[in-house]
Amino acid sequence: MTPEFSRPERIDAIGARPRSVTIAAEATERAALAVRFGLVSVDRLTATLSLHEEASGIVVTGRVEADVAQACVVTGAPLATHVDEAVALRFVPDSEVPEGDEIELADDALDTIPYAGSAIDLGEAAAETMALALDPFPRGPEAAESLRAAGVVAEEEAGPFGALAGLRDKLKG
């Protein structure tokens, strides 16, 4: 399956000297990404990347920027969100990715993405970077009031400490 925002970069065209690439999603690609990631809209998605080949794989660094609208998880109201995320990836052939247990990475290690064939997909990498940078549970300014009106207590009012605070308030009164 071809990703909604595909910008393949041929491996044989990537050399040891860093090369800059700028990509931007078109309207139809942004609409498809909004559906895929459950967003109200993706109004802008761009990436400015530098790529070069090393012995350990293809290194891609740069920035992904996006303007999206997410739905508030409480009210459903659209929330404007700006993404400005650093990218630091290492693409390696599928055959070089160890199977089985997870691998612990050092703090300064690059995220590793396996690829098959003769190209890496910078568009898919940018789309995934954008999605991972988003708040998974966005709440708008009206969320707390809507929850209170529905009878949902705030986190600080729930649990044993909330019950103790309620007892304290009763004893004071």
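Described below are features of the structure shown in this document. Owing to the predicted nature of the structure, the values given are computational and were not obtained by experimental measurement.

Details of the overall build of the protein
And then number 1: Counting secondary structure elements, the protein contains 4 helices and 7 strands.
And then number 2: Starting at the N terminus, the α and β elements of the protein follow one another as β-β-α-β-β-β-β-β-α-α-α.
And then number 3: Within the protein, the fraction of its 173 residues that count as buried is 32%.
And then number 4: By sequence separation, contacts in the protein at least 24 residues apart represent 63% of the contacts at least 6 residues apart.
And then number 5: Of the roughly 10900 Å² of accessible surface on the protein, a fraction of 54% belongs to carbon and sulfur atoms.

Description of the nonpolar core
And then number 1: Counting 31 residues, the largest nonpolar core has Leu45, Val60, Ile120 and Met130 as its most contacted members.
And then number 2: Going through the elements one at a time, strand 2 (19-24), helix 1 (27-37), strand 3 (41-54), strand 4 (57-71), strand 5 (78-93) and helix 2 (122-133) are the ones with two or more residues in this core.
And then number 3: Apart from residues lying up to four places away in sequence, Leu45 is in contact with Phe5, Ile23, Ala24, Ala25, Arg30, Leu33, Val64, Glu65, Ala66, Ala126, Ala127 and Met130.

With respect to the sheet that holds strand 3
And then number 1: The sheet built from 5 strands is open, its strands ordered 2-3-4-5-6 with mixed pairing. Looking at which strands have only one partner, the edges of the open sheet turn out to be strand 2 and strand 6 (111-115). Strand-to-strand, the axes of this sheet are offset by a mean angle of 30°, without reference to chain direction.
And then number 2: Where strand 3 and strand 4 come together, 13 bridges link them in antiparallel fashion. Across the sheet, Ser50 pairs through a bridge with Thr61, a residue of strand 4.
And then number 3: Contacts between helix 1 and the sheet are confined to strand 2 and strand 3, with strand 3 contributing the most and set at about 100° to the helix.
And then number 4: Sheet strands touched by helix 2: strand 2, strand 3, strand 4 and strand 5. Its angle to strand 5, the strand with the most contacts, is close to 130°.

Considering the environment of Thr48
And then number 1: Looking at where Thr48 falls in the secondary structure, it is placed in strand 3.
And then number 2: Between the alpha carbons of Thr48 and Thr22 there is a distance of 4.4 Å; along the sequence they are 26 residues apart.

Concerning the pattern of salt bridges
And then number 1: In this structure the tally under the stated criterion is 9 salt bridges.
And then number 2: For Asp12, the salt bridge goes to Arg10, with nearest N and O atoms at 2.4 Å.
And then number 3: Classification of Asp12 by relative accessible area gives exposed; the value is 59%.
And then number 4: Judged by relative accessible area, Arg10 falls into the partly exposed class, the value being 47%.
And then number 5: For the salt bridge of Glu65 with Arg44, the shortest nitrogen-to-oxygen distance reads 3.7 Å.

What counts, and at which threshold
Every chain begins its residue count from 1, and numbering advances along the sequence as written. pLDDT decides what is reported in this predicted model: residues at 70 or higher carry local features, side-chain atom pairs at 80 or more are listed and counted, and totals for whole chains, interfaces and linings draw on all residues regardless. For side-chain calculations, the full set of non-hydrogen atoms in the structure is used, while hydrogens and water are omitted. In DSSP terms, a helix is any run of H or I states spanning at least four residues, a strand is any run of E spanning at least two, and both are numbered starting from the N terminus. Partly exposed residues are those whose accessible area sits between 20% and 50% of the maximum for their type, while under 20% is buried and over 50% is exposed, using a 1.4 Å probe and protein chains only. We call two residues in contact whenever any of their non-hydrogen atoms come within 4.5 Å of each other. Per-residue accessibility takes into account occlusion by the displayed protein chains alone, with areas from the Shrake-Rupley method and a 1.4 Å probe. Only buried residues count toward a nonpolar core. Its members are Ala, Val, Leu, Ile, Met, Phe, Trp, Tyr and Cys residues joined through side-chain atoms within 4.5 Å. When DSSP finds at least two bridges between two strands, those strands are taken to pair. Interaxial angles span 0 to 180 degrees and are taken between N-to-C directions of axes, which are lines fitted to C-alpha atoms, for helices over the stretch in contact. Salt bridges are identified by distance alone: a Lys or Arg side-chain nitrogen within 4 Å of an Asp or Glu carboxyl oxygen.

Don't take any of this as a statement about function, it's just geometry.
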